[in-house]
Amino acid sequence: MKNNSVTLSEWVKLHSSVDEKQSVFLNMDRALKYIHEHGYCIEVFHPSEIYVLNNEDKYIQFKKLIELSKDPIISKNMIKEDILNSALIQLAIYSNISISYINIDFIKEQFDSFILFLPNTDVPYYRGVIQRGASVYFCEFTAERRKREIEEMEKELGDDKNILKENINTNISEAEMTNKKVNDLIYRQINGMNDSAFVSMLIIPIALLLITSIIIITTIILNFIG
């Protein structure tokens, strides 16, 4: 993965469509939620310190992490700050302005001036986080919006709503919400699965397979000799 990694700044230059940006921001937020749930937050929240690995936007790596405070109030504020910083970075990228020019007070006051750069569906999210101080993950907002859209479709379909349920998965698990399978690998240093433990997970099944094979071969030879 590391050989194919690029910074978020580089990624958005190569993937400039709204859909591509929404996708990478969604996965960035899933990684953020995962990191918070494992007791860490972001030390340096800047596009140059966020990497897209393996040339796939579901592999997002924040390079510099620090532990959340043991004080629940301070910890809550640290998480809230991360969510705000994430929203500000996303707004800056959509608006094509430098992160160095981001001023939270100015953005709050002039938020309506930035709306035309944002996807219409996501404006309420950015307004809530930036102007109103909401502490909501983008992935949670997206899941809730998807749920409401499906409910509206079910109302329109009426008796045919079962067709919708058969073709669309309406439930999002917590593992999907945090992209757990991928982030378990990227953030082994914070989830209890260190490199040696990861290697052990690979070695143990192989060792058991070899031992089993030896036993089977030995049994066959002994039976043949007997």
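Below is a short write-up of the structure. Note that the coordinates shown come from a computational prediction; the quantities given were computed from them, not determined experimentally.

Calculation criteria
- Per chain, residues are indexed from 1 in the order of the written sequence.
- Two thresholds apply to this predicted model, a pLDDT of at least 70 for residue-level local features and 80 or more for giving and counting side-chain atom pairs, whereas whole-chain, interface and lining totals are computed over all residues.
- The side-chain quantities take in all heavy atoms of the structure and omit both hydrogens and water.
- Strands are runs of DSSP state E lasting at least 2 residues, helices are runs of H or I lasting at least 4, and numbering of each runs from the N terminus.
- Three labels apply to residues, based on accessible area from a 1.4 Å probe with only protein chains included: buried if under 20% of the type maximum, exposed if over 50%, partly exposed otherwise in between.
- Here the open area of atoms and residues is found with the Shrake-Rupley method and a 1.4 Å probe, where only the protein chains shown may cover a residue.
- Strand pairing is assigned whenever DSSP detects at least two bridges linking the two strands.
- Pairs of residues are marked as contacts when any of their non-hydrogen atoms sit within 4.5 Å.
- Inter-axis angles, ranging from 0 to 180 degrees, are taken between N-to-C directions of lines fitted to C-alpha atoms, where helices are fitted over the stretch in contact.
- To define a nonpolar core, start from buried Ala, Val, Leu, Ile, Met, Phe, Trp, Tyr and Cys residues and group those joined through side-chain atoms within 4.5 Å.
- The rule for a salt bridge is simple: a side-chain nitrogen of Lys or Arg has to be within 4 Å of a carboxyl oxygen of Asp or Glu.

1. Notes on the overall build of the protein chain
For the protein chain, the count of helices and strands is eleven helices and five strands. Buried positions account for 36% of the 226 residues belonging to the protein chain. A total accessible area of about 13800 Å² is found for the protein chain, and carbon and sulfur atoms account for 55% of it.

2. Quick notes on unusual backbone geometry
Backbone geometry places Asn-96, a non-glycine residue, at a positive phi of 60°. Relative to the assigned elements, Asn-96 resides in the loop between α3 (72-95) and α4 (104-109). Owing to a relative accessible area of 71%, Asn-96 belongs among the exposed residues under this scheme. At Asn-179, a position not held by glycine, the phi torsion is positive, near 50°.

3. Some thoughts on the sheet that holds strand β3 (residues 50-52)
Either a parallel or an antiparallel arrangement is found when strands of a sheet pair, and the pairing is made through backbone hydrogen bonds. Across the sheet, which stays open at both edges, the three strands sit in the order β1-β3-β4 with antiparallel pairing between neighbours. At either margin of the open sheet sits one strand with a lone partner, and together these are β1 (6-7) and β4 (60-62). By the bridge criterion, two bridges tie β1 to β3 in an arrangement that is antiparallel. In the strand pairing of β3, Thr-7 is matched with Tyr-51. Packing of helix α2 (residues 18-37) onto the sheet brings it into contact with β3 and β4, and relative to β4 it is tilted by some 50°.

4. Brief notes about the nonpolar core
Counting 52 residues, the largest nonpolar core has Phe-62, Tyr-126 and Tyr-187 as its most contacted members. The element contributing the most residues to this core is α3, with ten residues. The contacts of Tyr-187, once residues within four sequence positions are left out, are Ala-31, Tyr-34, Ile-35, Ile-60, Gln-61, Phe-62 and Leu-65.

5. Description of the environment of Ser-75
You can see Ser-75 is positioned in helix α3. Spatially, the C-alpha atom of Ser-75 lies 9.4 Å from that of His-36, the residues being 39 residues apart in sequence. If we ignore the near neighbours within four places in the chain, the residues touching Ser-75 are Leu-68 and Ser-69.

6. What to know about the environment of Ile-102
With respect to the element layout, Ile-102 can be found in the loop between α3 and α4. As for Ile-102 and Leu-91, which are separated by eleven residues in sequence, their C-alpha atoms are 9.5 Å apart. The residues contacting Ile-102, other than those within four sequence positions of it, are Leu-88, Ala-92, Ile-97 and Ile-107.

7. What about the pattern of salt bridges?
For the structure on display, the rule yields six salt bridges. The shortest N-O distance in the salt bridge between Asp-112 and Arg-127 comes to 3.1 Å. Of this pair, Asp-112 sits in helix α5 (residues 111-114) while Arg-127 is found in helix α6 (residues 123-131), placing the two residues 15 residues apart along the sequence. Notably, a salt bridge pairs Asp-122 with Arg-145, separated by 2.5 Å at the nearest N-O pair. One end of the pair, Asp-122, is in the loop between α5 and α6; the other, Arg-145, is in helix α7 (residues 138-157), and 23 residues separate them in sequence. For the pair Asp-122 and Arg-145, a shared accessibility class is recorded, and that class is buried. Connected through salt bridges with shared partners, the residues Lys-33, Glu-37 and Glu-140 form a single ionic network.

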